[in-house]
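Next come the chains, spelled out residue by residue.
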Amino acid sequence: MRSDWSDLPAEVLGAITAHTGPIHRIEPSSAGNHADIAATVHAGGGRLFVKAARKTEPDTDGPEVRSLRWEAAINPHVTEYAPRLHWTVEVGGWLVLAFEHVQARHADYSPGSADLDILTKVIDSLQAHPVPSVLERKRVERRWEAMADVTMLAGDTLLHADLNPANVLLGDDGSVCLVDWTFAGRGAAFLELALLVPWLLKAGHTPVEAEAWLSRFPVWTNTDQAAIDLFSRVFADKWKLNLAANDAEWAREHADAAWQWADHRLEDGR
Ligand SMILES: Nc1ncnc2c1ncn2[C@@H]1O[C@H](COP(=O)(O)OP(=O)(O)O)[C@@H](O)[C@H]1O
Ligand SMILES: [Mg+2]
């Protein structure tokens, strides 16, 4: 849930402006919803992208702060893809991360979009990237561990694990930047692709079209199809549970897409 920039205590603002110089304008991000604050900051020294989260107690990180700590930890290891983290501030019960600002648009995942070819290249490259040691013990499959035996989701591939179109920023010059590394970790290579399915559906693909697109990745066609079936079910079940805590419209849409995919994969097996 986003807060407003004006919610930042004076002590935190002071620490920020000690880095930036006088701030002229704040542009809150229209996309994403995890960090308490995500905004483009126009300041004397230029533009920055600032993410900030409030601790739950002066000495206790909440989930948003923990997420930002992961982003800060992984950033120096994925500089080929991620905007650089310039500085951090931890004061007054807040953690603030200031990234290089990227002038770009969100990717378009609709059927036939040329952006999907760019996405293919960046995923191929990411999957060949060694897992940074900082993520050695951050297993992405933990998210579904309470739901089923998910050993088939374990693996040694670096996963961004949240390649939604608003986290894939495309510049006019053909450059691509991946942001929001909160969920990154290691796991089975096919998991990165499976997590794209709801986004492909929400962008207008049918489940058949989404699967046809994913079949361009050898790792998708070479993975035991029973493992993908199982994941589609576990993923949809988890989303159903999530709705009990969060029934925002985007969450309902995501859960619907997850169910649509699981139904498609499992309809022969019922
Ligand atoms: N370095 C950056 N430069 C410019 N825009 C960014 C940058 N990082 C993120 N954004 C934009 O802000 C949005 C929210 O940031 P993100 O890191 O995804 O936060 P959240 O965790 O809240 O989703 C992104 O979807 C993207 O549009
Ligand atoms: Mg995001």
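These numbers were taken from a predicted model, which means no experiment stands behind them. (Residues numbered from 1 in each chain as written. Chains lettered and ligands numbered in written order. Predicted model: local features only at pLDDT ≥ 70, side-chain atom pairs only at ≥ 80, totals over all residues.)

**Comments concerning the domain arrangement of the protein chain**
Domain parsing of the protein chain yields domain 1 (5-100) and domain 2 (105-269). Computed from C-alpha atoms alone, the centre-to-centre distance between domain 1 and domain 2 is 26 Å. Counting residues at the interface gives 14 residues for domain 1, matched by 13 residues for domain 2. Looking at the side of domain 1 that touches domain 2 residue by residue, the classes come out as 8 nonpolar, 5 polar and 1 charged. (Domains from an automatic or database assignment. Contact = placed C-beta atoms within 7 Å. Nonpolar A, V, L, I, M, F, W, Y, C, P; charged D, E, K, R; others polar.)

**Comments concerning the sheet that holds strand β1 (residues 23-28)**
Sheet strands pair by backbone hydrogen bonding; their relative direction is either parallel or antiparallel. One open sheet accounts for 5 strands, arranged β1-β2-β3-β5-β4; its pairing is antiparallel. Since the sheet does not close on itself, it has two edges, and those belong to β1 and β4 (85-91), each with one partner. Strand after strand, the sheet turns through a mean of 25 degrees between neighbouring axes, direction not considered. Note: β4 against strand β5 (residues 94-100), 6 bridges, orientation antiparallel. In the sheet register, Val89 faces β5, and the bridge partner there is Val96. (Pairing = 2+ DSSP bridges. Helix = DSSP H or I, 4+ residues; strand = E, 2+ residues; numbered from the N terminus. Axes fitted to C-alpha atoms, helices over the stretch in contact; angles between N-to-C directions.)

**A word on helix α9 (residues 249-266)**
Counted at 1.5 Å a residue, the expected span for α9 with its 18 residues is 26 Å, and the 25 Å between its end C-alpha atoms agrees. Inspection of α9 places His254, Ala255, Ala257, Ala258, Trp261, Ala262 and Arg265 among the buried residues, and these make up the whole buried set. All buried residues of α9 lie within an arc of 160 degrees about the axis, which places them on one face of the element. Where α9 is buried, its residues touch α5 (197-202), α6 (207-214) and α8 (225-245). (Expected span 1.5 Å × (residues − 1). Buried ≥ 20, exposed ≤ 12 C-beta atoms within 10 Å, placed from the backbone. Arc of directions from axis to C-beta.)

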